[in-house]
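# Summary of the model geometry
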Amino acid sequence: MEKLEFPDGFVWGAATASFQVEGAAHEGGRSESIWDVFCRRPGAVYAGENGDVACDHYHRYKEDIALMAELGFQSYRFSIAWPRILPGMTPDAGTGAVSKEGVAYYRSLCEELHARGMSATATIYHWDLPQALQDRGGWAERFIVDAFEAYAQVCFAELGDMVDRWITLNEPYCSAWLGYDEGVHAPGIRDLDQAVRAVHHLNLAHGRAVRAYRQTGLAAPIGITWNPQTPRSATAREADRKAALTARAVETDVFIYPVLGRGYPEIVTKELGFSFPVKDGDMDIIAEKIDFIGVNYYTENPVAFDPAARFKYRVQPSWEDVSAMGWYTVPEGFERQLRWLASLSGGIPLFITENGYARDDRPDPSGRVHDRERIDYTRRHLAVCSRLIREGIAIKGYYAWSFLDNFEWAYGYSKRFGIVYVDYATQKRYPKDSAYFFRDLIALTGA
Ligand code: BGC
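One structure accompanies this document, and this report is about it. In this text, all values refer to a predicted model and were calculated from it rather than measured experimentally. (Residues numbered from 1 in each chain as written. Predicted model: local features only at pLDDT ≥ 70, side-chain atom pairs only at ≥ 80, totals over all residues. Heavy atoms only, no water.)

Bringing the overall build of the chain into the picture now. The helix and strand inventory of the chain stands at 15 helices and 13 strands. For 447 residues, the compact-globule formula gives about 22 Å, and the C-alpha radius of gyration of the chain, at 21 Å, lands near that figure. With the C-alpha coordinates aligned to their principal axes, the bounding extent of the chain is approximately 60 × 55 × 45 Å. Restricting to contacts in the chain with at least 6 residues of sequence separation, those with at least 24 account for 76%. Entry remark: accessible area of the chain is about 16700 Å², with carbon and sulfur atoms responsible for 49%. The average position of the 49 basic charges and that of the 60 acidic charges among the side chains of the chain differ by 3 Å. (Helix = DSSP H or I, 4+ residues; strand = E, 2+ residues; numbered from the N terminus. Rg over C-alpha atoms; globule rule 2.2 N^0.38 Å. Contact = heavy atoms within 4.5 Å. Areas by Shrake-Rupley, 256 points an atom, 1.4 Å probe, with all protein chains shown as cover. Lys, Arg positive; Asp, Glu negative; His and termini not counted. Charge placed at Lys NZ, Arg CZ, Asp CG, Glu CD.)

Put into structure tokens, the structure is as follows:
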């Protein structure tokens, strides 16, 4: 087995997101998000489940953080719920009042982390858009850029002394493509034009938030988290290679290229005819300098040319073992992807902000969960990080997805990604074997 070696200062973290774990949907003055509404749409979410209670993390964050700290984690990546901070925000009336309860919750969560010697990594937007903003078109309309900037400014003003690392957006690919094109995520829209506009507005909102952040004088690093889809070509045929590049351009380059100052890729603007609603100055704002890149990686797919497909590519079957999500375990794909990112990003530090494995976990009678496959998956992906760091690629930290089993979006509670098992009936937490794997790894390598 390949040796796992990590340098001093490497950050070991665990991650969650507000809608997936907090619950307390009707407390603290929180307003509705697009996910509350999507969950009520018949057939949208597995078994009609919702985020009303989730892991009750809103009430249990202290014990959850205590468990993270006990396991040795050094950082917690959580997300801030926009509808908790600005519950009265509307496109016409501006931000409305800042919620004292909402701010107090995240301040006290950060205090708890600091008291335990852990750092706070806050994602400003992990998909829970206030429904009042979606009612006017959400990410498909340009007003959302001002709205996001105003919300981010409130986060910086109210939490800037507490947060150690800022992430503007989590996986804009999912917000735009799954939310507005495929319709499998909230707001559940199927409209390519809206999705293309959402891509640009997400990119611009990110840039505007970074620019606003630079004006605050705060010193904590700020970056963005992508889930780059970097499919491989199923064969060596030229048409399939081109299909793989097209897939990457549509799903990934449209986010990464503009932020790295390369503009929108020609494959989508010239060949596919995507028309992003770019105004003067937008591309400079999107390319505001960032301090790190967050990478969420789970899998890689082979793709082939398909003349009948909308964008002329189609995912092909593969041979690797799959998780409970049906996702192939492809650590080689992680390596390919990180090398590609490192070649593009000019040395901007990378953080793995999510990586993990869904499994049909069940505690044994003594309450232990023997999640061997998750440990193997993690070990193989960490081996990639270890190897690339030795080669000089700047990977600065790794956050396990997820700390807790939680609301897995359209799959409801049916998919378990946690390194800690959650019994939803009692809200009791059971560390899985993978939690102890991390404990030992951090004890041996974490400085
Ligand atoms: C998201 C998480 C999600 C995980 C597993 C990522 O796409 O950021 O919210 O639970 O992957 O699907």
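A few words on the site of the ligand. Among the 13 residues in the neighbourhood of the ligand, the closest are listed as Gln20, His126, Glu171, Glu354 and Glu408. The side chain of glutamine 20 places a nitrogen or oxygen atom 2.8 Å from an oxygen atom of the ligand. Glutamate 354 places a polar side-chain atom, nitrogen or oxygen, 2.8 Å from an oxygen atom of the ligand. Expressed as a share of its isolated accessible area of 310 Å², the protein-covered part of the ligand is 95%. (Near = heavy atom within 4 Å. Polar contact = N/O pair within 3.5 Å; in protein donor to acceptor, adjacent residues only side chain to side chain.)

In a beta sheet, neighbouring strands are held together by backbone hydrogen bonds and run either parallel or antiparallel to one another. Strand order in this closed barrel of eight strands is β1-β2-β3-β4-β5-β7-β10-β11, and the pairing throughout is parallel. Going across the sheet, the axis of each strand differs from the next one's by a mean of 25 degrees, ignoring polarity. Where strand β1 (residues 11-15) lies against strand β11 (residues 395-401), five bridges are found, and the strand directions are parallel. Across the sheet, alanine 15 pairs through a bridge with tryptophan 401, a residue of β11. Helix α5 (residues 100-115) contacts β2 (75-79) and β3 (119-125) of the sheet and is inclined by roughly 170 degrees relative to β2. (Pairing = 2+ DSSP bridges. Axes fitted to C-alpha atoms, helices over the stretch in contact; angles between N-to-C directions.)

Here we come to the packing of aromatic side chains. The full count for this structure, using the stated rule, is 43 aromatic pairs. Aromatic pair phenylalanine 19 and phenylalanine 407: ring centres 5.4 Å apart, planes at 75 degrees, arrangement edge-to-face. Within this pair, whereas phenylalanine 19 is found in helix α1 (residues 18-21), its partner phenylalanine 407 is found in the loop between β11 and β12 (420-423), the two being separated by 388 residues in sequence. As far as the burial class goes, phenylalanine 19 and phenylalanine 407 line up, both buried. Here tyrosine 61 and tyrosine 105 contribute two aromatic rings whose centre-to-centre distance is 5.3 Å and whose plane-to-plane angle is 90 degrees, an arrangement assigned as edge-to-face. Of the two residues, tyrosine 61 is situated in helix α3 (residues 57-71) and tyrosine 105 in helix α5; the sequence distance between them amounts to 44 residues. Using a relative accessible area of 10% as the deciding quantity, one classes tyrosine 61 as buried. (Phe/Tyr/Trp six-rings, centres within 6.5 Å; stacked < 30°, edge-to-face > 60°. Buried < 20%, exposed > 50% of the residue type's maximum accessible area, 1.4 Å probe, protein only.)

The subject of this paragraph is the nonpolar core. Among the nonpolar cores identified, the biggest contains 153 residues, and Trp35, Trp82, Trp139, Phe148 and Trp166 are the most heavily contacted of them. Setting aside anything within four residues of it in sequence, one finds phenylalanine 148 in contact with Trp82, Ile124, Tyr125, Trp139, Thr168, Leu169, Ala205 and Ala209. (Core = buried A, V, L, I, M, F, W, Y, C linked by side-chain atoms within 4.5 Å.)

The sheet built from three strands is open, its strands ordered β6-β8-β9 with mixed pairing. Of all the strands in the sheet, just β6 (232-233) and β9 (313-315) have a single pairing partner and so form its edges. In this structure, β6 lies alongside strand β8 (residues 302-305), joined through two bridges in parallel fashion. Residue pairing in the sheet places serine 233 in a bridge with valine 303 of β8. Packing against the sheet, helix α10 (residues 238-259) makes contact with β6, β8 and β9, and its axis sits at approximately 115 degrees to β8.

It is worth spelling out unusual backbone geometry at this point. Backbone geometry follows two general trends: most residues other than glycine have a negative phi, and most peptide bonds adopt the trans configuration. Of note, the bond from alanine 186 into proline 187 is cis; its omega dihedral lies within 30 degrees of zero at 5 degrees. Mapped onto the fold, proline 187 is located in the loop between α8 (172-181) and α9 (192-214). Serine 402 follows tryptophan 401 through a cis peptide bond whose omega is 0 degrees. Tracing the backbone shows serine 402 in the loop between β11 and β12. The phi dihedral of alanine 54 is positive, around 45 degrees, even though this residue is not glycine. For alanine 54, the position within the fold is in the loop between α2 (34-39) and α3. Positive phi is not limited to glycine here, since tryptophan 409 has a value of about 50 degrees. In this structure, tryptophan 409 sits in the loop between β11 and β12.

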